[in-house]
Amino acid sequence: MVDRNKARILLVEDDATIQRSLVLALRRDGYEVTAESDGRGIQELADRTRPDLALLDVRLPVGPGGYEMAEILRRSSRIPILFLTAADSPRERLRGFEAGADDYVTKPFELEELLARVKALLRRAGHQASGSLRVGDLMVDETAHVAMWNGVKLELTRTEYDLLTVLARHSGQVMSKEQLLGNVWGFDAYNLNLVEVHMSSLRRKLEAVCPRVVHTVRGIGYVLRA
């Protein structure tokens, strides 16, 4: 059984490259992400996904832009809204805050800064950015970045911890090397040996304190089972 307490992010961004990098980074930080390329049906989407934060591109080629989406969302919700935009004039910023924005990030932006702003907005709104995952006697605390087996802390590198977190989020589901590469390193077509090397190290550390829980599915990938 996996216990989750994740903040839900609604992302509307039409640039496919930016959208993909944001989805990977946000999911890696433990958020649930719903991503769309335009703002058509934004209210129905929000009603269905019940986001804790909206991340909106200001200028979209189709449907309502960020300002219009914020005004729509503000009719029924007080969730934090963070705008992404290439426009940085005082006039544009004022318009954004008048539309209901809580924060404003201009493109190009540093990914770590954006993630920090997301975390700060969620904290102010009273929502923790992530929670704990439990798979049998294995516990992964996404807030403290700690993994434990039956109460014993596992001494893992950041990469080993990230691999274990991805597997825990998808407990019982076989994850391909390509999927792990994309979730942990942020890209999906490079050197699959990265996954094998770090996975081998992770499994050695796990099996020093517990029965085998990470299994190889030959020709496909890896799966975490209690």
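All of the points below concern the structure found in this document.

**With respect to the pattern of salt bridges**
Taken as a whole, this structure holds 13 salt bridges when the rule is applied. We note a salt bridge from K107 to D57, for which the minimum N-O separation is 3.3 Å. Within this pair, whereas K107 is found in the loop between strand 5 (103-106) and helix 5 (111-124), its partner D57 is found in strand 3 (residues 53-57), the two being separated by 50 residues in sequence. Take K107: its relative accessible area is 22%, and that puts it in the partly exposed class. The class of D57 is buried, set by a relative accessible area of 3%. Residues E160 and K205 are paired through a salt bridge, measuring 2.8 Å at the closest nitrogen-oxygen approach. Of the two residues, E160 is situated in helix 6 (residues 158-169) and K205 in helix 8 (residues 193-207); the sequence distance between them amounts to 45 residues. Classification of E160 by relative accessible area gives buried; the value is 3%. Note on K205: relative accessible area 30%, which makes it partly exposed.

**Observations concerning the environment of E178**
Along the polypeptide, E178 turns up in helix 7 (residues 177-185). Sequence separation between E178 and V195 is 17 residues, and the spatial gap between their C-alpha atoms is 8.6 Å.

**A closer look at the packing of helix 6 against helix 7**
Packing of helix 6 against helix 7 brings their axes to within 10 Å, and their N-to-C directions diverge by 120°. By the angle between their axes, helix 6 is oblique relative to helix 7. Judged by the twist between their axes, the crossing of helix 6 over helix 7 is right-handed. Seen from helix 6, the contacting residues are T159, D162, L163, V166 and L167; seen from helix 7, they are L180, N183, V184 and W185.

**Considering the sheet that holds strand 3**
The parallel open sheet is built from five strands, whose spatial order is 2-1-3-4-5. A strand with exactly one partner marks an edge of an open sheet, and here the two such strands are strand 2 (32-36) and strand 5. The mean angle between the axes of side-by-side strands here comes to 15°, regardless of whether they run parallel or antiparallel. Note: strand 1 (residues 8-12) against strand 3, four bridges, orientation parallel. Note that in strand 3 the partner of V12 across the bridge is L56. This element, helix 3 (residues 66-74), spans strand 1, strand 3, strand 4 (81-85) and strand 5 of the sheet and lies at about 155° to strand 3. Sheet contacts for helix 5: strand 1, strand 3, strand 4 and strand 5; angle to strand 5, the most-contacted strand, approximately 175°.

**Some thoughts on helix 8**
In this model, helix 8 (15 residues) spans 21 Å end to end at C-alpha, consistent with the 21 Å of a helix rising 1.5 Å per residue. Those residues of helix 8 not exposed but buried are V195, M199, S201, L202, R203 and L206. If you follow the buried residues of helix 8, they end up packed against helix 6, helix 7, strand 11 (214-217) and strand 12 (221-224).

What counts and what doesn't
Residues numbered from 1 in each chain as written. Predicted model: local features only at pLDDT ≥ 70, side-chain atom pairs only at ≥ 80, totals over all residues. Heavy atoms only, no water. Salt bridge = Lys/Arg side-chain N within 4 Å of Asp/Glu carboxyl O. Helix = DSSP H or I, 4+ residues; strand = E, 2+ residues; numbered from the N terminus. Buried < 20%, exposed > 50% of the residue type's maximum accessible area, 1.4 Å probe, protein only. Axes fitted to C-alpha atoms, helices over the stretch in contact; angles between N-to-C directions. Parallel < 35°, antiparallel > 145°, perpendicular 65-115°, else oblique. Left-handed = near helix turned anticlockwise from the far one by under 90°. Contact = heavy atoms within 4.5 Å. Pairing = 2+ DSSP bridges. Expected span 1.5 Å × (residues − 1).

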